[in-house]
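Residues per chain, in single letters:
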Amino acid sequence: MKFNESTPIYMQIIQKIKADIVSGRLKGGDKMPSVREFSENFKVNPNTVQRVFQELEREGITYSQRGIGTFIVEGDDILKELKDTQAQRYTERFVDEMKELGMDKEDISKYLLKVLEEKLNENS
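Small disclaimer: the values here were computed from a predicted structure and weren't measured.

Here we come to the domain arrangement of the protein. What the domain assignment lists for the protein is domain 1 (9–74) and domain 2 (77–122). With centres defined by C-alpha atoms, the gap from domain 1 to domain 2 works out at 27 Å. Listed per partner, the contact involves eight residues of domain 1 and seven residues of domain 2. Taken over both partners, the interface formed by domain 1 and domain 2 buries close to 680 Å², and the fraction arising from carbon and sulfur atoms is 70%. Ranking the residues of domain 1 by area buried against domain 2 places Gln15, Lys18 and Val22 at the top, with a combined share of 60%. Connecting domain 1 to domain 2 are zero salt bridges. At the junction of domain 1 with domain 2, the criterion picks out two residue pairs in polar contact (both at pLDDT 80 or more). In terms of residue class, the side of domain 1 that touches domain 2 is made up of five nonpolar, two polar and one charged.

Rendered as structure tokens:
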């Protein structure tokens, strides 16, 4: 994973894990890699990974079983909430960037529909 400098690394890792859950690459009940494995895979300090795990547990996305590991919470409710939150965040980022380009509501809608149609046609 390539990190950008504008957002703390632990937040970028959290977003990656959330995106993996929403996309289905990670599923409820899956065991997370250990802090050491995660640290080696992402090439970050173990303290950063520990912070990631603590934050995910605080948000109710994971839970720990002492001596066994950290697991992703099971249930459709958490997945729906996470999907909604992620979609809202991505949409807000898109709209903010388009507004920075001087686009108004109509311009943003026009470009969104154009790209959406192109992407849907790619998959046909």
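From this point on, the discussion continues.
Before going further, it helps to examine unusual backbone geometry. Of note, the phi angle at Lys43 is positive, near 55°, even though the residue is not glycine. Following the sequence through the fold, Lys43 ends up in the loop between helix H2 (35–42) and helix H3 (46–58).

Further remarks concern the pairing of strand E1 (residues 62–65). Alignment of E1 against strand E2 (residues 69–72), held across four bridges, turns out to be antiparallel. Note that in E2 the partner of Thr62 across the bridge is Ile72. Between E1 and E2, which follow one another and run antiparallel, lie three residues, and Gly67 among them has a positive phi close to 80°.

Turning next to the packing of helix H4 (residues 76–100) against helix H5 (residues 105–122). In helix packing, the relevant descriptors are the interaxial angle and the interaxial distance, both defined with respect to the helix axes. Contact geometry of H4 with H5 gives a least axis separation of 10 Å together with a crossing angle of 120°. In terms of orientation, H4 lies oblique with respect to H5. Crossing hand, H4 versus H5: right-handed. Contacts between H4 and H5 involve Phe94, Val95, Met98 and Lys99 from the first element and Ile108, Tyr111 and Leu112 from the second. Grouping the amino acids of the contact of H4 with H5 by side-chain chemistry returns six nonpolar, no polar and one charged.

Here we take up the pattern of salt bridges. Here the structure, examined in full by the defined rule, presents five salt bridges. Linking Asp20 and Lys16 is a salt bridge whose minimum nitrogen-to-oxygen distance equals 3.0 Å. Taken together, the residues span about one helical turn, with Asp20 and Lys16 both in helix H1 (residues 9–23) at a distance of four residues. Judged by its relative accessible area of 32%, Lys16 is partly exposed. Among the ionic pairs, Lys80 bridges to Asp84, the shortest N-O distance being 2.9 Å. Within this pair, Lys80 and its partner Asp84 are both found in helix H4, separated by four residues, close to a single helical turn. Note on Lys80: relative accessible area 52%, which makes it exposed. Connected via shared salt-bridge partners are Lys16, Asp20 and Arg25.

Parameters and conventions
- Residues numbered from 1 in each chain as written.
- Predicted model: local features only at pLDDT ≥ 70, side-chain atom pairs only at ≥ 80, totals over all residues.
- Heavy atoms only, no water.
- Domains from an automatic or database assignment.
- Contact = heavy atoms within 4.5 Å.
- Buried area = accessible area lost by both parts, 1.4 Å probe.
- Salt bridge = Lys/Arg side-chain N within 4 Å of Asp/Glu carboxyl O.
- Polar contact = N/O pair within 3.5 Å; in protein donor to acceptor, adjacent residues only side chain to side chain.
- Nonpolar A, V, L, I, M, F, W, Y, C, P; charged D, E, K, R; others polar.
- Helix = DSSP H or I, 4+ residues; strand = E, 2+ residues; numbered from the N terminus.
- Pairing = 2+ DSSP bridges.
- Axes fitted to C-alpha atoms, helices over the stretch in contact; angles between N-to-C directions.
- Parallel < 35°, antiparallel > 145°, perpendicular 65-115°, else oblique.
- Left-handed = near helix turned anticlockwise from the far one by under 90°.
- Buried < 20%, exposed > 50% of the residue type's maximum accessible area, 1.4 Å probe, protein only.

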